[in-house]
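Here's the letter readout for the chains.
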Amino acid sequence: MERAELHRAAQDSRRQFVTTLLQIPATIAVLGGLLLTAQGLAQTAKSVDASREELLIARKGLEVAQKGQVTDRFTKAVEQLGSPNMEVRIGGAYALENIGRDVPDYRQTIVDVLASYVVGNGRTSTKKNYGQARDVRTMLTVLGRVRPPSPKEGWIDLSHARLGAADLSNAYLPRAKMFGTVLAGASLFDADLSDSVMPFSDFSSAYLTNAHLARANFNLADLTKASLERADLTETIFLTADLRGANLTDATLTGADFDNADLTGAIGLPPTAQLKKIVQWNRQTKWP
């Protein structure tokens, strides 16, 4: 009985041994397959890294090429502004506007270039020569549409420009700088000049209806007979400004500063006693 059991045990051991021997090649094959897979994955990873590097190099090359193209476009547009041909100059202004639309980083530079041209080529209006030349009008239109990513204080400087009878309706010019700028008889309907600095400027007979002028500085400015109906004059400074005959019907005047200002003959204002409660004034203020 014991011999039979020993014999069966021996047979079972041999079978298990044979089975194990048969499994070894399969195991080796599996391990080999895993090793090949690992090698393949490593190679793929290297290929991916190489592709990424090539993509970065290509992208940098594209960026350099694009910057070069933008520089060429900008240079050609600026050169057009110096052309003796009016149409070419106008085309240069629109070309600069398109560049600013495509490349926001160029907008401030474009504003500086166009503003410089306007300051150098604007003119005062006369009966014989009323308003601005077409190229200046075009540049003012473009300037009124450009919006730099982060307009800083004085981002557009039109100081000492002669822009009599110019059309700047709906223009976006907040925080502008306009020392001594002539805008007599200019159209500034719905224009945004809030927070702008405009001392010694000439806005006589200008149309500023619905204009946004909150916190603007009109120190010593000439606003005689200016139309300021429904304008936002919240905290606007009119220190020593000349507002004789101005129309301020329905204008927002809360906190406006009229120290030393001359409002003789101005119309559309609330009764003086009521006006004194909502604006700043002093003994030198001249009332309607």
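Below you will find a few notes about this structure. (Residues numbered from 1 in each chain as written. Predicted model: local features only at pLDDT ≥ 70, side-chain atom pairs only at ≥ 80, totals over all residues. Heavy atoms only, no water.)

**A word on the layout of surface pockets**
Taken as a whole, the largest pocket encloses approximately 160 Å³ of empty space. Considering the residues around the largest pocket, the lining is formed by Arg-137, Leu-140, Thr-141, Gly-144, Arg-145, Asp-167, Leu-168, Ser-169, Asn-170 and Ala-171. Within the lining of the largest pocket, the residues separate by chemical class into 3 nonpolar, 4 polar and 3 charged. (1 Å grid on protein atoms, 1.4 Å probe; cavity = no way out; pocket = protein on both sides within 12 Å on 5 of 7 lines; lining within 4 Å. Points joined across faces, edges and corners; volume = space filled by probe spheres on them. Nonpolar A, V, L, I, M, F, W, Y, C, P; charged D, E, K, R; others polar.)

**Focus: the packing of aromatic side chains**
Counted under the stated rule, the structure contains 7 aromatic pairs. Ring geometry for Phe-203 against Phe-218: centres 5.4 Å apart, planes inclined by 80 degrees, an arrangement best described as edge-to-face. Of this pair, Phe-203 sits in the loop between α4 (134-143) and α5 (272-278) while Phe-218 sits in the loop between α4 and α5, and the two are 15 residues apart along the sequence. Note on Phe-218 and Phe-238: the rings are 5.4 Å apart at their centroids and 5 degrees apart in plane angle, and the pair reads as stacked. With Phe-218 in the loop between α4 and α5 and Phe-238 in the loop between α4 and α5, this pair connects stretches of sequence that are 20 residues apart. With a relative accessible area of 0%, Phe-238 lands in the buried category. (Phe/Tyr/Trp six-rings, centres within 6.5 Å; stacked < 30°, edge-to-face > 60°. Helix = DSSP H or I, 4+ residues; strand = E, 2+ residues; numbered from the N terminus. Buried < 20%, exposed > 50% of the residue type's maximum accessible area, 1.4 Å probe, protein only.)

**Examining the environment of Leu-168**
Within the element layout of this structure, Leu-168 appears in the loop between α4 and α5. Considering only alpha carbons, one finds Leu-168 and Tyr-207, 39 residues apart in sequence, at a separation of 9.8 Å. Residues in contact with Leu-168, not counting those within four places in the same chain, are Leu-140, Leu-173, Leu-183, Ser-187, Leu-188 and Ala-191. (Contact = heavy atoms within 4.5 Å.)

**A few points about the environment of Asn-247**
With respect to the helices and strands, the residue Asn-247 is situated in the loop between α4 and α5. Judged by relative accessible area, Asn-247 falls into the buried class, the value being 15%. Apart from the residues within four sequence positions on either side, Asn-247 is in contact with Ala-226, Ser-227, Leu-228, Glu-229 and Ile-267. Among the polar contacts listed, one links the side chain of Asn-247 to the side chain of Thr-249, at a separation of 2.7 Å. (Polar contact = N/O pair within 3.5 Å; in protein donor to acceptor, adjacent residues only side chain to side chain.)

**Considering the packing of helix α2 (residues 86-102) against α4**
α4 packs onto α2 with a crossing angle of 5 degrees between their chain directions and a minimal axis gap of 9 Å. In terms of their interaxial angle, α2 and α4 are classed as roughly parallel. Contacts from Met-86, Glu-87, Arg-89, Ile-90, Ala-93, Tyr-94 and Glu-97 in α2 reach Arg-134, Asp-135, Thr-138, Met-139 and Val-142 in α4. Each residue belonging to the contact of α2 with α4 can be placed in one class, and the counts come to 6 nonpolar, 1 polar and 5 charged. (Axes fitted to C-alpha atoms, helices over the stretch in contact; angles between N-to-C directions. Parallel < 35°, antiparallel > 145°, perpendicular 65-115°, else oblique.)

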